Amino acid sequence: MSSFLRPADAAEPPLTLPHAQASYRPVSSHLAIAPPVSVVIPAMNEAENLPYVFKTLPDWIHEVVLVDGNSTDDTVSVARELWPDVTVVTQRGKGKGDALISGFAACTGDIIVMIDADGSADGGEIVSYVSALVSGADFAKGSRFANGGGTDDMTPVRKLGNRVLTAIVNAKFGARYTDLCYGYNAFWRHCLEEIALDCAGFEVETLMNIRVVKAGLRVQEIPSHEYHRIHGVSNLRAVRDGLRVAKVILRERGSRRKRAARPTLITGDVR
């Protein structure tokens, strides 16, 4: 892991130090970093939401990787208009987990941030995730229920289910999470070698959270606020996806605590 901290003026251009051979990117008035940051956005028919999502992304990030789940609207063209250098990955499989794995494989940054395309997450929070990582964490996990977090989108049933599943994971794996099923996270790229993702659906977030604990990685929760989806309808189904999460927990509980193999589920064409 490599990270660099120094006071910085956000208005200043990146500073290149010949001895360190590193280009610093001002992140805030007190922080500049050398590690490049990639942002992965899985999207399917999110053309109406992307302008809100991209508007909140910091201009200091290294790259945006959009994973298109075979959209039938203008998702790809809108993304390219908003962020001309965007990397577009065409998803060959199905499901959020498959999309994220495809996006992670296309990233070139040392830090990877995963964020939803529905406008529910604020890209301005990325600075908090990155700050946690360059300060020593391996995995920065968003939480809607940590102090300072919140949600406008969860129904009482989903809140209850998330609370129960979180308690089970904490008890079974020795974690101390306040939120389990949330898709706003960031991590050093080397973590992918430790957690080896191999699921296709919404349960991918739970799988990541369990495997970082099993791998002994350093986790820091980041308070995050989840807003309502701006346009469209979510593909999440509380009961169906809750059962899939429960199956992942049972499966992982039965597996041995060891470094996982490299991912085998990598799909998608980069263009």
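Draft legend 1. Main features of the pattern of salt bridges. Evaluation of the coordinates by the stated rule reveals 13 salt bridges. Note that Glu203 is salt-bridged to Arg244, the shortest N-O span being 3.1 Å. Of the two residues, Glu203 sits in the loop between helix 6 (191-195) and helix 7 (204-214) while Arg244 sits in helix 8 (residues 238-254), which places them 41 residues apart along the sequence. Residues participating in the shared-partner salt-bridge network are Asp198, Arg211, Lys214, Arg251 and Glu252.

Draft legend 2. Geometry of the packing of aromatic side chains. Under the definition given, this model contains 5 aromatic pairs. Between Phe139 and Phe187, the ring centres sit 5.9 Å apart and the planes meet at 10 degrees, which makes this aromatic pair stacked. Taken together, the residues Phe139 in strand 8 (residues 139-143) and Phe187 in strand 10 (residues 185-188) connect sequence positions 48 residues apart. Phe187 carries the same exposure label as Phe139, and that label is buried. A centroid spacing of 6.5 Å and a plane angle of 65 degrees characterise the contact between Tyr182 and Tyr184, whose relative ring orientation is edge-to-face. Accessibility classification places Tyr182 together with Tyr184 in one group, the buried group. In textbook terms, an aromatic cluster arises when at least three aromatic residues are bridged by ring pairs, as seen for Phe104, Phe139 and Phe187. Looking at Lys141, its charged tip hangs above the ring of Tyr177, at a distance of 5.3 Å from the centre.

Draft legend 3. Broad picture of the nonpolar core. Residues Ile41, Phe54, Leu57, Phe104, Phe187 and Met208 are the most contacted members of the largest nonpolar core, which totals 75 residues. Not counting residues within four places of it along the chain, the set of residues in contact with Leu57 comprises Val39, Ile41, Val64, Trp83, Gly123 and Ile126.

The rules we used
Residues numbered from 1 in each chain as written. Predicted model: local features only at pLDDT ≥ 70, side-chain atom pairs only at ≥ 80, totals over all residues. Heavy atoms only, no water. Salt bridge = Lys/Arg side-chain N within 4 Å of Asp/Glu carboxyl O. Helix = DSSP H or I, 4+ residues; strand = E, 2+ residues; numbered from the N terminus. Phe/Tyr/Trp six-rings, centres within 6.5 Å; stacked < 30°, edge-to-face > 60°. Buried < 20%, exposed > 50% of the residue type's maximum accessible area, 1.4 Å probe, protein only. Lys NZ or Arg CZ within 6 Å of the ring centre and 35° of its normal. Core = buried A, V, L, I, M, F, W, Y, C linked by side-chain atoms within 4.5 Å. Contact = heavy atoms within 4.5 Å.

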